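Results of the structural survey
Residues per chain, in single letters:
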Amino acid sequence: MATSSSPPRVVVVGSTMIDLTAFASRIPRSGETLVGERFQMGFGGKGANQAVMARLLDADVVMVNCLGDDAYGDMTLENFATFGIDTAHVYRVPGASGVAPIWVEPDGSNRIIIIPGANHELTAGQAARSVQETPDAAVVVGQLEIPQEVTAAAFAAAREMGASTILNPAPAAPLSDDILELSDWLIPNEVEFEMLTGVPPDSDDALTGFARETGSRLLVTLGDEGAALVSPGLDRVIRIGPPRVDPVDTTGAGDAFVGAFVVGLASGLAERDAVRLGNACAADSVTRPGTQSSFPRPEQTERFLAEIRSSPGQA
C-alpha cells in the first residue's frame, strides 16, 4: 500500500495521568520503608502517552478525556498544547485528575498503581459526540483506563464513519461483548494476553486461536522480543524482533509502540512495517527514564521512518 502524503488524523479516547515515579535499588517489602535514589514527576496515562507518540510522528491528534479542576488538570492541558494536540474534546469536572505512582528498579522493570480520578467521569455520550465531530479520523484508539462502555460508544461512532478501531486492552480486564465486537484490532502485551486467555503467547496456536475467537486482528507486544502479528487470515503468526538496546526504564514503552503502530498503519505502511516502527519507537524509549519524556523526538522518528521505508517488508 502506498503511504499517504498527508498526516493521518488519530482520535485517542482514553486516560491522562500525572506520573509520580520513584527510582529505587529494589521494591520495599510489606511494612518496610526504603530510601529511594531519585524521584520524577511527569505526564502519563495510556491514552495521553499514545496521543503524544502519535503526535511525535506528525499525526494530527485529537484527545478525548476528562480532567479534574485541579492543578494537575491545568498542567495536563498545558502539556498537550506543547505538542500541538487538539484538546477541544477534553472535558473538566470538579475533583481530582488521574495520578499514577510508579516504582522503577535498576533493570528498568516497573510496578504501577493508577488512581483514575476524573478519567472515569467521561461519559459515553461525550465520547461518541467527540468522534462524530471528527469526521476525517482515520483511526480511533482506546484502552481500559476509562470505562469500557465509554470506549465502546466511541468505537461505535468510529464504525459509522468508516474509521478503524484499535483497542489496547490495558490494564487487563475481561472484555465486554460490545467492545470486542467493535474492535478491529486488539493490541495486548504478553501479560495482558495471558490474563485474557489463560495461556501465555508462546505458541502460534494460542495467538491464532484467540484471534479467531474474537474476530479481531491481533498484535501482541512481547517486551524485548518485539511483537507477534497474526496474519489477515488469522491463521499465521509473524514474529518481528526489535532493535537491541540497554533498558533504563520500561515505563510507557507499550504506549510508544501502540502510538507509533497506529500512525504507521493509518499512514499506509504495510502491517509488518508498522510493527517495525512501533518496535523502533518503543526500544528507543526504554533507553531513557520517564514516560512521555522518554519518547523519541521528531528528528528520531523521521529517521526511523526513513529506514523502514528504505527497506520495506523486513522483519
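Read on for a plain summary of the structure.

Turning next to the side chain of T134. Structurally, T134 can be placed in the loop between α3 (124–132) and β8 (139–142). Relative accessible area serves as the criterion here: at 3%, T134 is assigned to the buried category. Those residues in contact with T134, other than ones at most four positions away along the chain, are R9, V11, V62, H89 and M161.

We now examine the pairing of strand β9 (residues 164–167). Judged from the four bridges that link them, β8 and β9 form a sheet pairing that is parallel. Of the residues in β9, the one forming a bridge with G142 is L167. What joins β8 to β9 is helix α4 (residues 148–161), and the crossover it makes is right-handed. Strand direction decides the pairing type here: β9 and strand β10 (residues 185–186), joined by two bridges, are parallel. Bridging across to β10, I166 finds its partner in W185.

Tracing the sequence through the fold places R239 in strand β13 (residues 237–240). Sequence separation between R239 and A266 is 27 residues, and the spatial gap between their C-alpha atoms is 21 Å. Other than its neighbours up to four places away in sequence, R239 contacts P201, D202, S203, D204, L207, L222, A227 and A228. In this structure the side chain of R239 is engaged in a polar contact, spanning 3.2 Å, whose partner is the backbone oxygen of D202. Side chain to side chain, R239 and D204 meet in a polar contact 3.3 Å long.

Here we take up the packing of helix α8 (residues 253–266) against helix α9 (residues 271–285). Here α8 crosses α9 at 150 degrees, and the two axes come no closer than 7 Å. With respect to their mutual orientation, α8 and α9 come out roughly antiparallel. Every pair of crossing elements has a handedness; the one defined by α8 and α9 is right-handed. Counting all contacts with α8, which are made through A253, A256, F257, A260, F261, G264 and L265, the residues of α9 involved are E271, A274, V275, L277, G278, N279, C281, A282 and S285.

A few words on the packing of aromatic side chains. Summed over the entire model, instances satisfying the criterion amount to three aromatic pairs. Centre to centre, the rings of F193 and F210 are 5.5 Å apart; their planes meet at 85 degrees, and the pair counts as edge-to-face. With F193 in helix α6 (residues 190–197) and F210 in helix α7 (residues 204–214), the pair connects residues that are 17 residues apart, well separated along the chain. On the basis of relative accessible area, F193 is assigned to the buried category, the value being 0%. Judged by relative accessible area, F210 falls into the buried class, the value being 8%.

A few words on the pairing of β13. When strand β12 (residues 227–230) meets β13, the two strands line up antiparallel, connected through four bridges. Pairing of V230 across the sheet is with V237, part of β13. Where β12 hands over to β13, the hairpin turn is made up of six residues, of which L234 adopts a positive phi near 60 degrees.

Negative charge collects at one region of the surface, where E190, E194, D202, D224 and E225 lie side by side. One can find E225 in the loop between β11 (217–221) and β12.

Next up on the list: the environment of C66. Along the chain, C66 turns up in strand β4 (residues 60–68). Given the relative accessible area of 2%, C66 is considered buried. With 100 residues separating them along the chain, C66 and I166 place their C-alpha atoms 20 Å apart. With residues near it in sequence (within four places) discarded, C66 still touches Y91, V93, A118, N119, E121 and L122.

The rules behind these values
- Residues numbered from 1 in each chain as written.
- Predicted model: local features only at pLDDT ≥ 70, side-chain atom pairs only at ≥ 80, totals over all residues.
- Heavy atoms only, no water.
- Helix = DSSP H or I, 4+ residues; strand = E, 2+ residues; numbered from the N terminus.
- Buried < 20%, exposed > 50% of the residue type's maximum accessible area, 1.4 Å probe, protein only.
- Contact = heavy atoms within 4.5 Å.
- Pairing = 2+ DSSP bridges.
- Right-handed = clockwise from strand over helix to strand, strands pointing away.
- Polar contact = N/O pair within 3.5 Å; in protein donor to acceptor, adjacent residues only side chain to side chain.
- Axes fitted to C-alpha atoms, helices over the stretch in contact; angles between N-to-C directions.
- Parallel < 35°, antiparallel > 145°, perpendicular 65-115°, else oblique.
- Left-handed = near helix turned anticlockwise from the far one by under 90°.
- Phe/Tyr/Trp six-rings, centres within 6.5 Å; stacked < 30°, edge-to-face > 60°.
- Patch = residues over 30% accessible without salt bridge, like charges linked within 9 Å, V, L, I, M, F, W, Y side chains within 5 Å.
- Areas by Shrake-Rupley, 256 points an atom, 1.4 Å probe, with all protein chains shown as cover.
- Salt bridge = Lys/Arg side-chain N within 4 Å of Asp/Glu carboxyl O.
- Lys, Arg positive; Asp, Glu negative; His and termini not counted.
- Charge placed at Lys NZ, Arg CZ, Asp CG, Glu CD.

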